[in-house]
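# Summary of the model geometry
So you can see what is in the structure, the chains are spelled out below.
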Amino acid sequence: MLIVSAAKEYIFEDDRPFESCHASTLISLGGDEILAAWFGGTAEGKPDVDIWAAERSGAGWSEPRRIAASEEPLWNPVLFRDEDGLITLYYKTGHTIPGWRTMVTRSNDRGGSWTTPKELVEGDEGGRGPVKNKPIRLSSGVLAAPASIETKARWDAFVDLSSDNGASWTRTELVPLRRAEPAAPGEEAREAPPPGTVVNKGVIQPTLWESAPGQVHMLLRSTDDYMFRSDSADGGETWGEAYAIGLPNNNSGIDLARMDDGLLALAYNPVAGRRGARTPLVVRFSIDNGANWDAEFVLEDEPGEYSYPAIVASGDELHIAYTWKRERIAYWKLVVGK
């Protein structure tokens, strides 16, 4: 594996119409055309935070434009484009993460106009559907959305499955985790738990891939220094106990894309710690379905926050977007060869 070419751009410059931005998502529209979205406003969680988007064409990036707004803060947009070109935008709305709701809107004109947003699952609180990373289409035709729940004390992940292209959803059970039992009041501190045991809140924000028909896998952000992984042998309907892998995680977002030849590309901060630095930001590659991660391409390594990557594959190309110091959204195009 080698990087044939690499090019970096900023989707917008300093003259942005918001103070802060974060949590980008993107899809390929074919050729060099890209649609990207993110949330922007005064600061994360503020009522003026809306969903913004821009399109890339041969002339470069368009000016950012607001595509979803509310009196509540908006969070974590996720774009998905189906085989017929229908684009779906999922995002969260709510004043607090434990109580946020998932909204959905769609576009038939490459993101030019959008339907009236509606709740993905009526009456839900806590978050159904994709929480940060893109859904994937399984070989069975089922749409699998990586989901998670965050409360003050506990984080858990699950998958939402749709057999009717997103019209309705069925959620799986929570991904099993081996959790350490906390010491009882007055009890002396217990011995250190075995490796792979969750001591802190848990895992969220899965990223999914399918290695063979019915064989579905996820990597997860965690509060316990390392990424976790879980595997499913039945098309994502049930999941094995999540286990720590050798890649560090700083309790920040990750994302993965599987290329046509099976090569996995993982974008993440290679830093451990519950509040570890969000630099550097890299892409690592695996040729053996995630058993080993070898070649590395560095996206950022200067001081600052470079976080929450989104990555998609299109032929021999990888398209990557991420937060650049909460001031811009950066974009890379990598062409991968053998």
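Residues numbered from 1 in each chain as written. Predicted model: local features only at pLDDT ≥ 70, side-chain atom pairs only at ≥ 80, totals over all residues. Heavy atoms only, no water.

In this section: the overall build of the chain. Helix and strand counts for the chain stand at zero helices and 25 strands. A compact globule built from 338 residues would reach a C-alpha radius of gyration of about 20 Å, and the chain, at 19 Å, matches this within 12%. Here the chain holds 338 residues, and 56% of them are scored as buried. For the chain, long-range pairs separated by at least 24 residues make up 46% of all intrachain contacts whose partners lie at least 6 apart in sequence. When the accessible area of the chain is evaluated, it comes to approximately 14,100 Å², of which 48% is carbon and sulfur surface. Between the mean site of the 35 positive side-chain charges and the mean site of the 51 negative ones, the chain shows a separation of 2 Å. (Helix = DSSP H or I, 4+ residues; strand = E, 2+ residues; numbered from the N terminus. Rg over C-alpha atoms; globule rule 2.2 N^0.38 Å. Buried < 20%, exposed > 50% of the residue type's maximum accessible area, 1.4 Å probe, protein only. Contact = heavy atoms within 4.5 Å. Areas by Shrake-Rupley, 256 points an atom, 1.4 Å probe, with all protein chains shown as cover. Lys, Arg positive; Asp, Glu negative; His and termini not counted. Charge placed at Lys NZ, Arg CZ, Asp CG, Glu CD.)

Mapped onto the fold, Thr279 is located in the loop between strand 20 (264-268) and strand 21 (281-286). Taking the C-alpha atoms as reference points, Thr279 and Asn269, separated by 10 residues in sequence, lie 6.1 Å from one another. Excluding anything up to four places from it in sequence, Thr279 contacts Asn269, Val271, Glu300, Asp301, Glu302, Pro303, Gly304 and Tyr306. A distance of 2.8 Å separates the side chain of Thr279 from the backbone oxygen of Glu302, its partner in a polar contact. (Polar contact = N/O pair within 3.5 Å; in protein donor to acceptor, adjacent residues only side chain to side chain.)

The next subject is the environment of Val283. Looking at the element boundaries, Val283 is found in strand 21. With 259 residues separating them along the chain, Val283 and Ser24 place their C-alpha atoms 16 Å apart. For Val283, the residues in contact, after removing those within four places along its chain, are Ala265, Leu266, Ala267, Ala295, Glu296, Phe297, Leu299, Ile311 and Ile320.

Let us now look at the sheet that holds strand 25 (residues 328-337). Ordered by their spatial adjacency, four strands build an open sheet running 1-25-24-23, and the pairing between neighbours is antiparallel. Each edge of the open sheet carries a strand with a single partner, namely strand 1 (2-10) and strand 23 (306-314). Here the average twist between neighbouring strands, direction ignored, is 20°. Of the strand pairs in this sheet, strand 23 and strand 24 (residues 317-324) are connected by seven bridges, and their pairing is antiparallel. Note on strand 24: the bridge partner recorded for Ile311 is Ile320. (Pairing = 2+ DSSP bridges. Axes fitted to C-alpha atoms, helices over the stretch in contact; angles between N-to-C directions.)

What follows is about the sheet that holds strand 10 (residues 118-119). Spatial strand order, 7-8-9-10: four strands in an open sheet with antiparallel pairing. Looking at strand neighbours, the two that pair on one side only are strand 7 (74-81) and strand 10, the edges of this open sheet. Where strand 8 (residues 87-93) and strand 9 (residues 101-107) come together, seven bridges link them in antiparallel fashion. Looking at strand 9, one finds that Ile87 is bridged to Ser107.

The next thing to look at is the environment of Glu55. Looking at the element boundaries, Glu55 is found in strand 4 (residues 50-57). Sequence separation of Glu55 and Leu299 is 244 residues, and the distance between their C-alpha atoms is 21 Å. Not counting chain neighbours up to four residues away, the residues in contact with Glu55 comprise Ile34, Leu35, Gly60, Trp61, Ser62, Arg65 and Gly111. A polar contact is formed between the side chain of Glu55 and the side chain of Arg65, at a distance of 2.7 Å.

Turning our attention to the pattern of salt bridges. Side-chain pairs of opposite charge can arise where the charged atoms are in close proximity. Inspection of the entire model under this criterion finds 21 salt bridges. The shortest N-O distance in the salt bridge between Arg278 and Glu305 comes to 3.1 Å. Of this pair, Arg278 sits in the loop between strand 20 and strand 21 while Glu305 is found in the loop between strand 22 (296-300) and strand 23, placing the two residues 27 residues apart along the sequence. Between Lys333 and Glu317 there is a salt bridge, and its shortest N-O distance comes to 3.3 Å. Here Lys333, found in strand 25, pairs with Glu317, found in strand 24; they are 16 residues apart in sequence, far enough to count as distant. Accessibility expressed as a relative area gives 22% for Lys333, which makes it partly exposed. (Salt bridge = Lys/Arg side-chain N within 4 Å of Asp/Glu carboxyl O.)

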